[in-house]
Amino acid sequence: MLTMDDVVREGHPSLREVANEVQIPPTEEEITLLKDMLQFLKNSQDEQVCAKYDLRPGVGLAAPQLGINKRMIAVHFEDGNGNLYSHGLINPKIVSHSVEKAYLTVGEGCLSVDRVVEGFVPRYARITIKATDLSGNELKLRLKDYAAIVLQHEIDHLNGVMFYDHINKENPFAIPENAKPIE
Ligand code: K2U
Ligand code: NI
């Protein structure tokens, strides 16, 4: 099983590289890795397992955070309306997005960042993603608000972008223009 020992931290080159497309169909090894990433998130959200293996709770994980430069991400979370998002995604791509932005009022964190970086992270409020799922099927996800923010955070990892790259350097808590707060 994956633990925090497998998660690379700031300074590791894979967090600043553009990850490589995965050839479709994915290999058994790639499918197993993606399933392990999804299981890691579920484990991290289970109080007992999280404590037993000293995991940090996470709602998303990208392969570059394991030092693996492949365009694969896993997400596992419920949005504010109780909708469950639990996916292993291969070659996810944002194919369209809103002009309107959104930001988490509590800011963001990252399993690969062992420090608090304060400030608002402006992201698109609505996005449409195309990807290949764990069964090898093409899927299209239309996401908004919290779900859109989580997926953008993970897709950023595939492009070597960290959440704090988006924070206003002069005034981290400047209200982003044309952006709605997500509590
Ligand atoms: O990519 C990662 O490091 C996982 C992040 C994803 C994330 C952080 C902030 C905003 C959107 C996505 C971890 O999930 S950070 C820990 C966490 C746990 C529960 C809820 C929010 C953040
Ligand atoms: Ni992260």
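Scroll up a little and you will see the structure.
Residues numbered from 1 in each chain as written. Chains lettered and ligands numbered in written order. Predicted model: local features only at pLDDT ≥ 70, side-chain atom pairs only at ≥ 80, totals over all residues. Heavy atoms only, no water.

(A) Region of the structure containing helix α3 (residues 145-158). Spanning 14 residues, α3 covers 21 Å between terminal C-alpha atoms, matching the ideal 20 Å at 1.5 Å per step. Along α3, 12 of the 14 residues are buried, which leaves the element largely enclosed by surrounding structure. Buried within α3 we find A147, A148, I149, V150, L151, Q152, H153, E154, I155, D156, H157 and L158. The positive-phi residue at the C-terminal boundary of α3 is G160, with phi of around 75°. (Helix = DSSP H or I, 4+ residues; strand = E, 2+ residues; numbered from the N terminus. Expected span 1.5 Å × (residues − 1). Buried < 20%, exposed > 50% of the residue type's maximum accessible area, 1.4 Å probe, protein only.)

(B) Inspection of the site of ligand 1 at higher detail. If you check the shell around ligand 1, you find 15 residues, and the closest are V59, G60, Q65, L111 and E154. Between an oxygen atom of ligand 1 and a main-chain N or O atom of L111, the distance comes to 2.7 Å. In the complex, the protein chains occlude 83% of the 490 Å² of accessible area that ligand 1 would expose alone. Residues of the shell around ligand 1, tallied by class, amount to seven nonpolar, six polar and two charged. (Near = heavy atom within 4 Å. Polar contact = N/O pair within 3.5 Å; in protein donor to acceptor, adjacent residues only side chain to side chain. Areas by Shrake-Rupley, 256 points an atom, 1.4 Å probe, with all protein chains shown as cover. Nonpolar A, V, L, I, M, F, W, Y, C, P; charged D, E, K, R; others polar.)

(C) Here's a closer look at the coordination of the nickel ion (ligand 2). Here the nickel ion (ligand 2) is held by C110 (SG), H153 (NE2) and H157 (NE2), and the distances to it run 2.1 to 2.3 Å. Mapping the donors of the nickel ion (ligand 2) onto the primary sequence yields the spacing C-x42-H-x3-H. You can see C110 sitting in the loop between β4 (101-104) and β5 (123-124) and its partner H153 sitting in helix α3, a full 43 residues away along the chain. In this structure, C110 and H153 share a single accessibility class: buried. (Donors = N, O, S within 2.8 Å, 3.2 Å for Na, K, Ca; no water.)

(D) Seen up close, the sheet that holds strand β6 (residues 126-133). With antiparallel pairing, five strands are arranged side by side in an open sheet as β1-β2-β3-β6-β7. Both outer strands of the open sheet, β1 (60-62) and β7 (138-144), are each paired with one neighbouring strand and no more. Direction aside, the axes of adjacent strands within the sheet are offset by 40° on average. As judged from the six bridges shared by strand β3 (residues 84-97) and β6, these two strands associate in the antiparallel manner. When the sheet's bridge partners are listed, K93 is paired in β6 with K130. Contacts between helix α1 (residues 28-44) and the sheet are confined to β1, β2 (72-78) and β3, with β2 contributing the most and set at about 30° to the helix. Strands β1, β2, β3, β6 and β7 of the sheet are contacted by α3, whose axis makes an angle of about 160° with β2. (Pairing = 2+ DSSP bridges. Axes fitted to C-alpha atoms, helices over the stretch in contact; angles between N-to-C directions. Contact = heavy atoms within 4.5 Å.)

(E) Looking closely at the packing of aromatic side chains. In total, this model carries five aromatic pairs according to the counting rule given. Aromatic pair F77 and Y85: ring centres 5.0 Å apart, planes at 15°, arrangement stacked. Each member of the pair, F77 together with Y85, is buried. Three or more aromatic residues joined by ring pairs make a cluster, and in this case those are F77, Y85 and Y146. Directly above the ring of Y164 sits R115, whose terminal nitrogen or CZ lies 5.0 Å from the centroid. (Phe/Tyr/Trp six-rings, centres within 6.5 Å; stacked < 30°, edge-to-face > 60°. Lys NZ or Arg CZ within 6 Å of the ring centre and 35° of its normal.)

(F) Quick peek at α1. Between the first and last C-alpha of α1 there are 24 Å, a value that for 17 residues agrees with the 24 Å anticipated at 1.5 Å per step. By the burial criterion, the buried members of α1 are E30, I31, L33, L34, M37, L38, F40, L41, N43 and S44. Tucked inside the fold, the buried residues of α1 contact α2 (47-52), β1, β2 and β3.

(G) Local environment of the sheet that holds β5. If you trace the three strands from one edge of the open sheet to the other, you get β5-β4-β8, paired in mixed fashion. Each end of this open sheet is capped by a strand with a single partner; those strands are β5 and β8 (179-182). Bridge count between β4 and β8: four bridges; the pairing is parallel. Bridged to A102 within β8 is K180.

Purely spatial values, then, with no claim about function.
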